[in-house]
Amino acid sequence: MDRIAVFPGSFDPVTKGHESVILRSVRLFDKLIIALGENARKQSYFTMERRLGWLHELFDREKNIEITNYSGLTVEFCRVKKAQFILRGLRTSADFEFEREIGQMNKLMVPDIETVFLLCEPEYASLSSSIVRDILRHGGDVSRFIPKDIVIGMDFDNKQL
Ligand code: ADP
């Protein structure tokens, strides 16, 4: 049976931290589904099209990576996709506490799906999408923090902010 993992997130925007987790984990699974969650309670900074577009630019050449969006429970999405694993990155103990709660609730709901954690690379431990957004809001240069093949500049479509 193929080992299929879902890597859920907002990727708002995708950072070098996300890229690193994806590239390091891709060989652990037969298929990795990068899944952009539609969160009704969380207004995103960049549109879904934009965030999906960057992920496609970065990973379309990887044969065993699929990119899509989803709404609803991550475990339900995993069931639909026949994924046995949820992949998450861990930066700090705060991440751990947050992830532990979600991971254990998911485990109670669907015991046969395992959450797998990858420790982030030390240089990305302080890197988050929210910090990248803050830098952008103030007109700063984020090129060191985002994958080198994509451009995220001031021409973004954050009309709501
Ligand atoms: P969410 O809104 O679900 O937390 P994110 O897009 O912020 O989604 O993150 C998706 C996943 O990537 C999470 O598991 C998060 O811990 C991980 N992640 C985010 N930034 C980094 C980083 N710098 N290094 C490693 N993993 C990261």
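Residues numbered from 1 in each chain as written. Predicted model: local features only at pLDDT ≥ 70, side-chain atom pairs only at ≥ 80, totals over all residues. Heavy atoms only, no water.

Draft legend 1. Main features of the overall build of the protein chain. Scanning the protein chain from N- to C-terminus turns up 5 helices and 5 strands. Reading the helices (α) and strands (β) of the protein chain from amino to carboxyl end gives β-α-β-α-β-α-β-α-β-α. For 161 residues, the compact-globule estimate of 2.2 N^0.38 gives 15 Å, and the C-alpha radius of gyration of the protein chain, at 15 Å, lies within 12% of that figure. In terms of its C-alpha atoms, the protein chain occupies a principal-axis envelope of roughly 45 × 35 × 30 Å. Here the protein chain, with 161 residues, has 45% of them falling under the buried criterion. (Helix = DSSP H or I, 4+ residues; strand = E, 2+ residues; numbered from the N terminus. Rg over C-alpha atoms; globule rule 2.2 N^0.38 Å. Buried < 20%, exposed > 50% of the residue type's maximum accessible area, 1.4 Å probe, protein only.)

Draft legend 2. Looking closely at the site of the ligand. The environment of the ligand is made up of 17 residues, and the closest members are Ser10, Phe11, Gly89, Tyr124 and Leu127. Between an oxygen atom of the ligand and a main-chain N or O atom of Gly89, the distance comes to 2.7 Å. Residue Tyr124 places a main-chain N or O atom 2.9 Å away from a nitrogen atom belonging to the ligand. Here the ligand, which alone exposes 550 Å², has 88% of that area covered by the protein. If you map the ligand onto the pockets, it falls in the largest pocket. Elements that contribute at least two residues to the shell around the ligand include exactly strand E1 (4-9), helix H1 (16-25), strand E4 (85-90) and helix H4 (93-109). By residue class, the composition of the shell around the ligand is 7 nonpolar, 5 polar and 5 charged. (Near = heavy atom within 4 Å. Polar contact = N/O pair within 3.5 Å; in protein donor to acceptor, adjacent residues only side chain to side chain. Areas by Shrake-Rupley, 256 points an atom, 1.4 Å probe, with all protein chains shown as cover. 1 Å grid on protein atoms, 1.4 Å probe; cavity = no way out; pocket = protein on both sides within 12 Å on 5 of 7 lines; lining within 4 Å. Sits in = over half its atoms within 2 Å of the grid points. Nonpolar A, V, L, I, M, F, W, Y, C, P; charged D, E, K, R; others polar.)

Draft legend 3. Representation of the nonpolar core. Membership of the largest hydrophobic core comes to 32 residues, with the highest contact counts inside it found for Ile34, Leu55, Phe59 and Ile65. Looking at this core, the elements that each hand over two or more residues are E1, H1, strand E2 (31-38), helix H2 (48-59), strand E3 (65-71), E4 and helix H5 (129-137). With 6 residues, H2 is the single largest residue contributor to this core. The contact partners of Leu55, leaving out residues within four places of it in the chain, are Phe11, Val14, Ile34, Leu36, Asp60 and Ile67. With 12 residues, the next largest nonpolar core counts Ile4, Ala35, Tyr70 and Val110 among its residues. (Core = buried A, V, L, I, M, F, W, Y, C linked by side-chain atoms within 4.5 Å. Contact = heavy atoms within 4.5 Å.)

Draft legend 4. Layout of the layout of surface pockets. Space inside the largest pocket adds up to approximately 1400 Å³. Lining the largest pocket are 46 residues, and of these Pro8, Gly9, Ser10, Lys42 and Arg88 lie nearest its centre. For the lining of the largest pocket, the leading source of residues is H4, giving 7 residues. (Points joined across faces, edges and corners; volume = space filled by probe spheres on them.)

Draft legend 5. Main features of the sheet that holds E4. Spatial ordering of the open sheet is given by E3-E2-E1-E4-E5, a layout of 5 strands whose pairing is parallel. Pairing within the sheet leaves two strands with one partner each, and these edge strands are E3 and strand E5 (114-119). Averaged over neighbouring strand pairs, the angle between their axes works out to 35° when direction is ignored. Two elements, E1 and E4, share 2 bridges in a ladder whose sense is parallel. (Pairing = 2+ DSSP bridges. Axes fitted to C-alpha atoms, helices over the stretch in contact; angles between N-to-C directions.)

Draft legend 6. Representation of the environment of Cys120 in the model. As for its placement among the helices and strands, Cys120 is situated in the loop between E5 and H5. With near-sequence residues (within four places) excluded, Cys120 lies in contact with Arg24, Leu90, Arg91 and Ala125.

Draft legend 7. Looking closely at the pattern of salt bridges. Within the structure shown, the criterion is met by 13 salt bridges. For Arg3, the salt bridge goes to Asp30, with nearest N and O atoms at 3.5 Å. One end of the pair, Arg3, is in the segment before E1; the other, Asp30, is in the loop between H1 and E2, with 27 residues separating them in the sequence. One network of salt bridges, with partners in common, ties together Lys31, Glu66 and Lys81. (Salt bridge = Lys/Arg side-chain N within 4 Å of Asp/Glu carboxyl O.)

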